[in-house]
Amino acid sequence: DGDDVTLMPFRADAVRFLNQHGIVNAICSPNDLNTAKARLLELGLWDEFVFPNIGFQPKGETVAQMLEEMQLRAPNVVFIDDNVNNLEEIKFNVPGIQVIDASDPGCDAALQDIMEANAHVNTSRVAQYRALEQRIVDRKSNTGSNEDFLKSCNLNVCVVRWADNLEFAPRIEELVNRSNQLNFTKSRIPSGTAHDLLSSFHKEFYSLSIFAWDKYGYHGLVGFAGIQNRSKLVDFV
């Protein structure tokens, strides 16, 4: 709105830090897109955000749509805003989401806690979400069916079986333990035990992993199945 915006260094650093440690940052703001983008570019922050929704739409509905498009569960998302009305609107429209008042003195401490809790993660997911964002843009502009769109993506998969899964044990454990809606058996793997479980293939456990890639990029290990005693499907995610 023409205000003289002053950047808060710690919060800018927090955005950059989280991007480098597995958490992505998005924007939902009732502002003119071109004006906001120009200011964020000037501050060196525009490229630090994915799924920027800058426009004059109700925040509650917009955030709910963003979570759906980003394939995120509300309890895994933190929404930060300096307007209490916006915070209440988000809580009403997105049940289970975590909210923080940006004007509260405890906001920076909460951000610091999140940073410390994820400091051990050395993976950036920004590129993954940029590819997802582009896919959604392309799907919205596609006038054909979902099947036609999928065919246009040039989707490829490969299957890895048995002992070849051993080197992917940490990712398999993460996939099984963090997936919910698409975890069809609702199973979990005790932390640190995936490698031993996969090693027992020759005795009683048959496993296979699915890797996928398309024209938007390489998506890595996206599916896993574990079969006990060649008869019972114990993991399917």
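Residues numbered from 1 in each chain as written. Predicted model: local features only at pLDDT ≥ 70, side-chain atom pairs only at ≥ 80, totals over all residues. Heavy atoms only, no water.

A. Summary view of the packing of aromatic side chains. Counted according to the given criterion, the structure contains three aromatic pairs. Between Trp162 and Tyr206, the ring centres sit 5.3 Å apart and the planes meet at 80°, which makes this aromatic pair edge-to-face. Of this pair, Trp162 sits in the loop between strand E5 (156-161) and helix H8 (169-178) while Tyr206 sits in strand E6 (residues 205-214); the two residues are 44 residues apart in sequence, bridging distant segments of the chain. You can call Trp162 partly exposed: its relative accessible area is 35%. Aromatic pair Phe168 and Phe211: ring centres 4.9 Å apart, planes at 65°, arrangement edge-to-face. (Phe/Tyr/Trp six-rings, centres within 6.5 Å; stacked < 30°, edge-to-face > 60°. Helix = DSSP H or I, 4+ residues; strand = E, 2+ residues; numbered from the N terminus. Buried < 20%, exposed > 50% of the residue type's maximum accessible area, 1.4 Å probe, protein only.)

B. Just the pattern of salt bridges, in detail. All chains considered together, the criterion is met by eleven salt bridges. When the shortest N-O distance is used, the salt bridge between Glu69 and Lys140 registers 2.7 Å. Note that Glu69 is positioned in helix H3 (residues 59-70) and Lys140 in helix H6 (residues 126-141), a separation of 71 residues in sequence. For Arg171, the salt bridge is made with Glu174, and the minimal N-O distance between the two is 2.9 Å. (Salt bridge = Lys/Arg side-chain N within 4 Å of Asp/Glu carboxyl O.)

C. Focus on the pairing of strand E1 (residues 25-29). Across the five residues that make up E1, a large majority, four, are buried. Summarising the sheet, E1 and strand E2 (residues 49-54) pair through four bridges and their orientation is parallel. For Ser29, the partnering residue across the bridge sits in E2 and is Ile54. The parallel pair E1 and E2 is bridged by helix H2 (residues 33-42), and the resulting crossover is right-handed. (Pairing = 2+ DSSP bridges. Right-handed = clockwise from strand over helix to strand, strands pointing away.)

D. Just the packing of H3 against helix H4 (residues 84-93), in detail. For the pair H3 and H4, the least separation of the axes is 8 Å and the interaxial angle reads 50°. On the basis of the axis angle, H3 is oblique to H4. For the pair H3 and H4, the sense of crossing is right-handed. In this structure, H3 contributes Lys59, Gly60, Glu61, Val63 and Ala64 to the contact, and H4 contributes Asn86, Glu89, Ile90 and Asn93. Within the contact of H3 with H4, the residues separate by chemical class into three nonpolar, three polar and three charged. (Axes fitted to C-alpha atoms, helices over the stretch in contact; angles between N-to-C directions. Parallel < 35°, antiparallel > 145°, perpendicular 65-115°, else oblique. Left-handed = near helix turned anticlockwise from the far one by under 90°. Contact = heavy atoms within 4.5 Å. Nonpolar A, V, L, I, M, F, W, Y, C, P; charged D, E, K, R; others polar.)

E. Spotlight on a nonpolar patch on the surface. A cluster of nonpolar side chains, contributed by Leu182, Phe184, Leu233 and Phe236, occupies part of the molecular surface with about 420 Å² of accessible area. By relative accessible area, which is 58% here, Leu182 ends up exposed. (Patch = residues over 30% accessible without salt bridge, like charges linked within 9 Å, V, L, I, M, F, W, Y side chains within 5 Å. Areas by Shrake-Rupley, 256 points an atom, 1.4 Å probe, with all protein chains shown as cover.)

F. Region of the structure containing the environment of Arg161. Turning to its location among the elements, Arg161 is positioned in strand E5. For Arg161, a relative accessible area of 42% puts it in the partly exposed group. C-alpha of Arg161 to C-alpha of Pro190: the two residues are 29 residues apart in sequence and 21 Å apart in space. When neighbours within four sequence positions are excluded, Arg161 is seen to be in contact with Tyr206, Ser207 and Leu208. Only 3.3 Å separates the side chain of Arg161 from the side chain of Tyr206, close enough to count as a polar contact. (Polar contact = N/O pair within 3.5 Å; in protein donor to acceptor, adjacent residues only side chain to side chain.)

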